[in-house]
Amino acid sequence: MKELVQQLPPGGVLSDDLFLETARGFDLFGDTVAIADRVAGRVQLFRSEGEHIATLGGPSGPGDPDVLQSPWRVEFAPDGALWVGDPGRGALVRFPPADGEPRTVRLPVISTAAGFGVDHVLGPVGPSVEPGFLLTAYAVADRPLNIPSEVPLPSELASEASWMNRIAPMNLVVSGGRKGEVILLDGMRTILWRIELEYEPPRIVRISRIPVPGWLVESTRAEMERIVEARPGVNAPGFKDMRAGDRGVWLVPAIDPVDGIFLPYEEDGRATVLWRDPLREEAWSSRVLDEAAWLMYPGTLMRFTVANER
């Protein structure tokens, strides 16, 4: 279990003149931090110590000021290119690692712009809206490439041909894992799916679950029931955010007082839990990298060191 012990630098990473309270998504690549600033229609780039690097989109950014409208999710590709999901435009926008013109990929539905992941080979991958398909890749052709489900879908996914319509768009997240794998999170039902791919031709070869600890499922379900009871008609997510990597999956559950948990792919691996300071509000999203915890709060992104396991 990890506990936050020190904030670096004091006051958070971002200054008020560069960052609005509506920012929700961020990602890390080396010493670079990217934050999606939704209402301002821009993405801010910073060094990990807080130095502002650049503004992408927005009236002060390079190129067409309308290249971004309401960016929600950002994710770096393995080569350092930044993909931005913009539900407002129903598009994914790629900013190359070096100076260059952004590339826009139009999407069939705006929800995909909020729940995509970046595969090592196929580029951005999101949930398909076509019956009989599970995933769609957006960067390998002039138009989206549907990846057929060539193995039987799990019963939770195959109960309806239009299974996507039963899940609130913001509660379905895809993230790139190891090469040839994408991870799908059904945040409403607290289920993680590992989807293994082959590239030539692109196809799904295996779908399996990633075990979620029973205590986490039960605690999350209790929190969901509490929220729904207090606000009838509200769909309470079990998880607010998810990012996969080479070793495992980082989750941000909608429970108190946990601000994040790392689940290794190996069944005998040890989960790492990030406990929040009880005096601090819950974060919208978080990550742990090299013993530093990054937490997104309304108005700022903060970096903390973490205590040793206790």
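This section reports on the structure supplied with the text.

Reading guide: rules and limits
- Residues numbered from 1 in each chain as written.
- Predicted model: local features only at pLDDT ≥ 70, side-chain atom pairs only at ≥ 80, totals over all residues.
- Heavy atoms only, no water.
- Phe/Tyr/Trp six-rings, centres within 6.5 Å; stacked < 30°, edge-to-face > 60°.
- Helix = DSSP H or I, 4+ residues; strand = E, 2+ residues; numbered from the N terminus.
- Buried < 20%, exposed > 50% of the residue type's maximum accessible area, 1.4 Å probe, protein only.
- Core = buried A, V, L, I, M, F, W, Y, C linked by side-chain atoms within 4.5 Å.
- Pairing = 2+ DSSP bridges.

Attention now goes to the packing of aromatic side chains. On inspection of all chains with the given rule, the structure shows two aromatic pairs. Both rings, one in tryptophan 72 and one in tryptophan 284, keep their centres 6.5 Å apart while their planes meet at 85 degrees; by these two values the pair is edge-to-face. You can see tryptophan 72 sitting in the loop between strand E5 (52-57) and strand E6 (73-76) and its partner tryptophan 284 sitting in the loop between strand E21 (272-275) and strand E22 (285-289), a full 212 residues away along the chain. Tryptophan 284 sits in the partly exposed class, given a relative accessible area of 28%.

In this structure, Ile183, Leu185, Leu192, Val212, Met242, Val249 and Leu251 are the most contacted members of the largest nonpolar core, which totals 20 residues. Broken down by secondary-structure element, the contributors of at least two residues to this core are strand E15 (181-186), helix H2 (214-230), strand E18 (239-244), strand E19 (248-253), strand E20 (258-264) and E21. One finds Val125, Ile147, Leu157 and Val182 within the second-largest nonpolar core, a separate group that totals 18 residues.

Let's shift gears to the pairing of strand E12 (residues 133-137). Extensive coverage of E12 is indicated by the burial of four of its five residues. Summarising the sheet, strand E11 (residues 123-127) and E12 pair through three bridges and their orientation is antiparallel. What sits directly across from proline 127, in E12, is leucine 135. What sits between the antiparallel neighbours E11 and E12 is a turn of five residues, in which glycine 132 has the positive phi angle 85 degrees. Sheet analysis places E12 next to strand E13 (residues 145-148), joined by four bridges and oriented antiparallel. Across the sheet, the residue bridging to phenylalanine 133 is proline 148, located in E13.

Nothing here speaks to function; it is all geometry.
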